[in-house]
Amino acid sequence: MFSSDDKIKKEEEKLKESQKVFGYVFDNTTLLNIYKFFHNGYLERFEFPIASGKESIVFAASKGNKFFAVKIYKVTASNFKNIREYAASRWGIGKISSKRKLMNEWAFREFENLKNAYEAGVTVPRPIKVYGNVVQMQYIGTKTRPAIQLKDIEPSQQIVEQIIGDIRKLYLKGKLVHGDISEYNFLYYRGKAYMIDIAQAISNDDPYSLILLKRDLNNIIRFLNKFGYSLNIDSVIKYVKGEIDAFR
Ligand SMILES: Nc1ncnc2c1ncn2[C@@H]1O[C@H](COP(=O)(O)OP(=O)(O)OP(=O)(O)O)[C@@H](O)[C@H]1O
Ligand SMILES: [Mg+2]
């Protein structure tokens, strides 16, 4: 047999193996979306699960010796009602009745917002590809251990400046407000904080965005100030909106 046939056979076997496991967890369309990453050469294998939340499951996967993160939005998400209400009020999508369509939209937003943030110079995982409800992005961590969350470190002055600076870049260049900023939605790795979980971000010209921005900044300042920083919400807001050039 030719070596390329061997390779294909091996790949098919690998895929079958992962289907055995994933078949219990995911519906057929999700499996098909996962399959597209393999078939189109984006991924070769799943490495290990990283996290499982209400709306998604995140895996480490690889191609050759390169690792990626794969975020799979659950079509069976239990908080579908909240997401639908959010979609209706924020995106004006009143009539998405199918969960699948909504989770696809959610994954697509994650991908687009990551792209936008990345291009604005924000430290986020670089987005790679989206198929349906599955998003591939840069993996943050080592081959044995994914990055930890910001909540598990004592943030340095430099980290404080990077985080506030990134929220500002996202606002001024990316024209977005994250909307779910907290010490859980930054990953800490090699001296940098990576902003994640950005699907729900909204445009900074949305009338609701200022309320979200204040909530985001309150959340992160509450966390950072535990470590003796005395960040002031009013000046940080002005800084993020570009009204002043330094936040203290
Ligand atoms: N690019 C990445 N590299 C490494 N780990 C990641 C990456 N993206 C996400 N993770 C891990 O997966 C977890 C969940 O990711 P994320 O916050 O985006 O999903 P979520 O479904 O919104 O979760 P939650 O509901 O808990 O906020 C993160 O806390 C992190 O541990
Ligand atoms: Mg999260």
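This one's a predicted model, so the numbers in the text were calculated from it and none came from an experiment.

Calculation criteria
- Residues numbered from 1 in each chain as written.
- Chains lettered and ligands numbered in written order.
- Predicted model: local features only at pLDDT ≥ 70, side-chain atom pairs only at ≥ 80, totals over all residues.
- Buried ≥ 20, exposed ≤ 12 C-beta atoms within 10 Å, placed from the backbone.
- Helix = DSSP H or I, 4+ residues; strand = E, 2+ residues; numbered from the N terminus.
- Arc of directions from axis to C-beta.
- Contact = placed C-beta atoms within 7 Å.
- Near = placed C-beta within 6 Å.
- Nonpolar A, V, L, I, M, F, W, Y, C, P; charged D, E, K, R; others polar.
- Pairing = 2+ DSSP bridges.

Novice: Can you walk me through helix 7 (residues 233-240) in this structure?
Specialist: Because an α-helix packs 3.6 residues into every turn, residues spaced three or four apart end up facing the same way. Taken as a whole, helix 7 has its buried residues at Val236, Ile237, Tyr239 and Val240. Taken end-on, helix 7 shows its buried residues confined to a sector of 160°, consistent with a single buried face. Residues of helix 7 that are buried in the fold lie against helix 5 (157-172) and helix 6 (209-224). Just downstream of helix 7 lies glycine 242, where phi reads positive at about 80°.

Novice: Sorry if this is basic, but what is going on with the site of ligand 1 here?
Specialist: Lining the immediate surroundings of ligand 1 are 22 residues, of which Ala51, Gly53, Ser56, Ala69 and Asp197 lie closest. Listed by contribution, the elements that provide at least two residues to the shell around ligand 1 are strand 1 (45-52), strand 2 (56-63), strand 3 (66-73) and strand 5 (134-138). Of the residues that constitute the shell around ligand 1, the class distribution is 12 nonpolar, 6 polar and 4 charged.

Novice: Quick question: what am I supposed to make of the environment of arginine 109 here?
Specialist: Structurally, the position occupied by arginine 109 is in helix 4 (residues 99-119). A sequence separation of 93 residues divides arginine 109 from isoleucine 202, and the C-alpha atoms of the two residues are 9.9 Å apart.

Novice: How do you make sense of the pairing of strand 8 (residues 186-189) when you look at a structure like this?
Specialist: When a strand is regular, its side chains alternate between the sheet's two faces. For strand 6 (residues 148-149) and strand 8, the ladder comprises 2 bridges, and the chain directions are antiparallel. Note on strand 8: the bridge partner recorded for glutamine 149 is leucine 187. Linking strand 8 back to strand 9 (residues 192-195) in an antiparallel pair, the connection comprises 2 residues, with arginine 190 at a positive phi of about 45°.

That's the geometry; what it means functionally is another story.
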